There are 2 protein chains.
Amino acid sequence: MIEGVGHMPKAASQLAMGDFNQVLVLDLIRRANGQVSRIDLGDRSGLAPQTVSNIVGRLLDSGLVTEGAAVPRGRGKPPRPLTVNPAGACAVGVHLDPATVSYTLLDLAGGVAGRLRRRTPPGTKPADIVAQVVETVADLTGSCGADPDRLLGIGLAVPGPIDDSRGVLLTPPQLSQWHDVPLRDDLATAAGVPVLMEKDVNAAAVAEVWAREGCHEDFVLLYLGTGVATGLVLGGEVWRGRSGNSGEIGGVLTTDDSGAPLRFADRVIPGDLICQARELGVDVPEVDPDDPVAVDEAFTRLVLLAADGDPAAGRVLDESVTAAGAVLAQLINLVDVDHVVVGGPLWSRVSDRYLADLASAMRPRLVDRDDVRVLPSVQGDTVTAYGAAALVMNRFLAPRPGSLIGA
Amino acid sequence: MIEGVGHMPKAASQLAMGDFNQVLVLDLIRRANGQVSRIDLGDRSGLAPQTVSNIVGRLLDSGLVTEGAAVPRGRGKPPRPLTVNPAGACAVGVHLDPATVSYTLLDLAGGVAGRLRRRTPPGTKPADIVAQVVETVADLTGSCGADPDRLLGIGLAVPGPIDDSRGVLLTPPQLSQWHDVPLRDDLATAAGVPVLMEKDVNAAAVAEVWAREGCHEDFVLLYLGTGVATGLVLGGEVWRGRSGNSGEIGGVLTTDDSGAPLRFADRVIPGDLICQARELGVDVPEVDPDDPVAVDEAFTRLVLLAADGDPAAGRVLDESVTAAGAVLAQLINLVDVDHVVVGGPLWSRVSDRYLADLASAMRPRLVDRDDVRVLPSVQGDTVTAYGAAALVMNRFLAPRPGSLIGA
């Protein structure tokens, strides 16, 4: 089931060995936020009382669940509330961005137990990244007091394109020396835990689904980072594509003020916005587009200048939102959803403008449709690392009726 | 469960009353093409032998299934093969197109028992259409010897936009006198059977899934009719959108030879192609764009002239395929599927050019991706009426584990 790993820690192997019913019961306990007893679990799962009791016993023994004091309620034996033990298991999400590597540690209750960021070293090589990730994961779990034996695995969010079946990064645009890097298996071997790899935008979409549980079943995620992409969440599931590479929206066309066509990416990614700003005389440094850290810093300066009232800097950012509206409207017309979520590594720097203007920028191009709502990412800039960790939680904790029916 | 119907015929009510297990068993029998016995059904369904026997007994009694002669096989009681009785139930699909109303009668085995086409009367009113549909459905079932009491229902495919919850056609572009027409319930009342309504492109997508069973789980359907639209089939399911109005691709931009932007619809729908051909001096009649029958006939003439070697007529059609390739590539980059299916009312007239050139027209705009295959619609021009009938079959015959899990 889990590719690219020899040794498997205790918590992961316990959960991986657990049958479907065990995962179902654990998921019900997690969702109930402490408002569930064995009797309730029988009602909600449809399982026999004895089966529920056996499963709960195993979950208590393994430290994944705890049982509270009895709560008197009518006649009969008073029920005892069950809750997941946050320290019972954990997962680390790693977002490998060309400019920054971000880490998020999730506990079993889905809470963020810790976060870290490291600048991606310039000219970094795959082996350096693997060593840095292993070390940083150990630092993070250690500093949070998490038991390494209870680490379920590492979720790794990377820039596309990926070869999903082999866990390989193909030719990430801003990591020019990287070609066909088997990062998933290299990291799994070095870390000694299972590693799941996903394209960055789709990891971010998983984060939004995980954090908004049950609230927003169908939406488009606009992902703003070193590049731009969109995630599709349909029926509460992230559509990751046949090859794990869905979401390429950079080539979709819109038009500028003069009616000339332009590619969406040329109007929204930081490298291009900096060039446009310089052409308009904005005081931002010239940057090498292959130096993602320099691009990121120059973009921050552009945003600060706009916030300070520099009209040309503001215009560049405003036109970016207008282009995003025109392109997203085309996508909304295609997939028919009623809201858009915006997030990604750039989010906190541009959120004011997007929340103010994106919905109205979409409006003129929507076909037979009322306004589409625009919601901010639940996790903001760190959505991708959070989603990568949630991928691991999903793999071990979410009951998957679909895959069972097909089995 | 079924909206807008008072009286329900015998076959429909029997199936509607059937529990999930009965639907599951009937579906297994249907898929097995006569290669299944009661024992096999027990193995495949996971149901107890007595349960299977009871269900099979009910299906035999109601005439939905027949049992063949015993086939000796090893020791023990020889198994008797079960097959669905094609005449046990049927469904009619109606495709209301501004130019033509098409009808398809499906039997319980999924076979096409009959087809009919009627020109849509010019300036037609909703009440006239309802009367015409009721009369034509009776003609079709009668001429095919189908028992009216075994008609499960009518599937109605209509041009969007629709109000899905109320079963209302909002403002179909080529039916200028129609606004807010409650066609679903009006037809159900007049016909005395359940009516399911779906946007045309999504009914066509259902047809492709139904006919290709299990073969092609993820694809984009390019639907060529009086208008143009796309259907999304993801994980074997038609994504119909939050409001049943997904698929609007006409506003997506591409560029012409000079690099100027143009809307996809302006390069692909028959009315516009006829205008372009006339501007190039092609001998096609001037048509009123609000007269769909005249547009359809002029389009047929344009296709015939191109087939006879008229270079300008050929160029108009070729540029249409080039535009389709450029636009579909954008969609493929977004959703990451590896094939496109093309169909709809225009299909047989343009299939040669699309099959020859669409894949190469997509290629230059695909991001990090090999060729995308182009497949012809399984049902060709009549795909939409077939899909509308399949909607009804799906409603009564397809086990839906998803909806059960959520229940």
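Each chain has its residues counted from 1, following the order in which its sequence is written. All chains are assigned letters beginning at A, and all ligands numbers beginning at 1, according to the order in which they are written. Note on the predicted model: pLDDT of at least 70 is required for a residue's local features to be given, and 80 or more for side-chain atom pairs to be given and counted; whole-chain, interface and lining totals, by contrast, use all residues. Here the side-chain values reflect all heavy atoms present in the structure, with hydrogen atoms and water set aside.

### Overview of the overall build of chain A
How we decide: The helix and strand labels rest on DSSP assignments: H or I over at least four residues marks a helix, E over at least two residues marks a strand, and numbering proceeds from the N terminus. Based on C-alpha atoms, the radius of gyration is set beside the globule rule, defined as 2.2 Å times the residue count to the power 0.38. Each residue is placed in one exposure class: buried if its accessible area under a 1.4 Å probe, protein chains only, is under 20% of its type's maximum, exposed if it is over 50%, and partly exposed if it falls in between. For this analysis, residues touch if any pair of their heavy atoms sits within 4.5 Å. Only the protein chains shown count as cover for residues, and all accessible areas are computed by the Shrake-Rupley method using a 1.4 Å probe. Asp and Glu count as negative and Lys and Arg as positive, but His and the ends of the chain are not part of the count. A charged residue contributes its charge at one atom only: NZ of Lys, CZ of Arg, CG of Asp or CD of Glu.
A count of helices and strands for chain A gives 14 helices and 16 strands. Here chain A has a C-alpha radius of gyration of 23 Å; the compact-globule value for 407 residues is 22 Å, and the two agree. Counting across all 407 residues of chain A, residues that qualify as buried make up 55%. Considering only intrachain contacts with a sequence separation of at least 6, the fraction spanning at least 24 residues in chain A is 64%. For chain A, the accessible area works out to roughly 16,500 Å², and carbon and sulfur atoms hold 51% of it. Within chain A, one finds 35 positive and 51 negative side-chain charges whose respective centroids are separated by 8 Å.

### Overview of the relation of the copies chain B and chain A
Definition in use: Least-squares superposition of the copies uses the C-alpha atoms of those residues scoring a pLDDT of at least 70 in each of them.
Mapping chain B onto chain A calls for a screw motion: a turn of 180° about the axis and a shift of 0.1 Å along it, with 0.1 Å RMSD after fitting. Here the transformation between the copies is reduced to the relation of a two-fold axis. A shared interface surface links the copies, since 100% of the contact residues of chain B are contact residues in chain A too.

### Examining the interface of chain B and chain A
Our working definition: Buried area, as used here, totals the accessible surface that two parts lose on assembly, with accessibility defined by a 1.4 Å probe and the loss added over both. The term salt bridge refers to a pairing of a side-chain nitrogen on Lys or Arg with a carboxyl oxygen on Asp or Glu at a separation within 4 Å. In protein, a polar contact means a hydrogen-donor-capable atom and an acceptor-capable atom, both N or O and within 3.5 Å, with residues adjacent in sequence counting only if both atoms are side-chain atoms; elsewhere, any N or O pair within 3.5 Å suffices. Ten residues, namely Ala, Val, Leu, Ile, Met, Phe, Trp, Tyr, Cys and Pro, are considered nonpolar, four, namely Asp, Glu, Lys and Arg, are considered charged, and the remaining ones, Gly among them, are considered polar.
Across the boundary between the two partners, chain B contributes 40 residues, which contact 40 residues of chain A. Taken together, the two surfaces of chain B and chain A that pack against each other cover about 2,900 Å², and 61% of this comes from carbon and sulfur. For the pair chain B and chain A, the interface holds 4 salt bridges. Where aspartate 218 of chain A meets arginine 242 of chain B, a salt bridge forms, and the shortest distance between an N and an O atom there is 3.0 Å. Viewed at the interface, chain A and chain B are joined by 18 residue pairs in polar contact (both at pLDDT 80 or more). If you list the elements that add at least two residues to the side of chain B that touches chain A, you get strand E11 (228-234), strand E13 (253-255), helix H10 (311-335) and helix H13 (401-406) of chain B. Its residues assigned to classes, the side of chain B that touches chain A comprises 15 nonpolar, 15 polar and 10 charged.

### Re the sheet that holds E11 of chain B
Residue and element names in this part refer to chain B. Basically, it comes down to this: Two strands pair if DSSP finds at least two bridges between them. Fitted lines through C-alpha atoms give the axes, limited to the stretch in contact for helices. The angle between two N-to-C directions lies from 0 to 180 degrees.
Taken together, the 5 strands give an open sheet; going across it, the order is E12-E11-E10-E15-E16, and neighbouring strands pair in mixed fashion. The two strands at the open ends of the sheet, each matched to only one other strand, are strand E12 (237-239) and strand E16 (373-376). Neighbour to neighbour, the strand axes of the sheet diverge by 30° on average, direction disregarded. One ladder, built from 3 bridges, connects E11 with E12; its direction is antiparallel. Pairing of leucine 232 across the sheet is with tryptophan 239, part of E12. Relative to E16, helix H11 (residues 347-362) is tilted by about 170°, and along the sheet it contacts strand E10 (219-224), strand E15 (339-343) and E16.

### Quick look at the pairing of strand E5 (residues 112-119) of chain A
In terms of strand pairing, strand E4 (residues 100-107) of chain A meets E5 of chain A through 7 bridges, oriented antiparallel. When the bridges of E5 of chain A are listed, leucine 105 of chain A appears paired with glycine 114 of chain A.

### What to know about the packing of aromatic side chains
Note the following rule: Think of it this way: a Phe, Tyr or Trp ring, Trp meaning its six-membered ring, pairs with another when their centres are within 6.5 Å, and the plane angle makes it stacked under 30 degrees, edge-to-face over 60, tilted otherwise. Either the NZ atom of lysine or the CZ atom of arginine qualifies as a charge over a ring when it sits within 6 Å of the ring centre and within 35 degrees of the ring normal.
Under the definition given, this model contains 2 aromatic pairs over all chains. Over the ring of tryptophan 210 of chain A we find arginine 30 of chain A, and its NZ or CZ is 4.5 Å from the ring centre.

### A look at the UniProt feature "domain: HTH marR-type" (unreviewed entry) in chain A
Heads up, the rule is: UniProt positions are given in the numbering used here, feature names are shortened, and annotations may be inferred rather than shown by experiment.
Annotation from UniProt places "domain: HTH marR-type" (unreviewed entry) at residues 20-74 of chain A. Secondary structure across residues 20-74 of chain A divides into 62% helix and 5% strand, with the first and last C-alpha atoms of the span separated by 33 Å.

### Brief notes about the pairing of strand E6 (residues 151-158) of chain B
Residues and elements named next belong to chain B. Within E6, 8 of the 8 residues are buried, leaving the element largely enclosed by the surrounding structure. Pairing analysis gives 5 bridges linking strand E3 (residues 90-96) to E6, with the strands arranged parallel. Bridge pairing links valine 94 to leucine 156 in E6. When E6 meets strand E9 (residues 195-199), the two strands line up parallel, connected through 5 bridges. The residue bridging valine 158 from the neighbouring strand is lysine 199, located in E9.

### Brief notes about the side chain of aspartate 296 of chain B
Structurally, the position occupied by aspartate 296 of chain B is in helix H9 (residues 292-307). Beyond its immediate stretch of four places on either side in the chain, aspartate 296 of chain B contacts Ala99, Arg119, Leu346 and Arg349 of chain B.

### Some points on the side chain of aspartate 200 of chain B
All names here are of chain B. Along the polypeptide, aspartate 200 turns up in helix H7 (residues 200-211). At 5.9 Å, lysine 199 is the nearest oppositely charged side chain to aspartate 200, a buried residue that forms no salt bridge. If we skip the residues at most four places from it in the chain, aspartate 200 touches His95, Ala157, Val158, Pro159, Tyr223 and Thr384.

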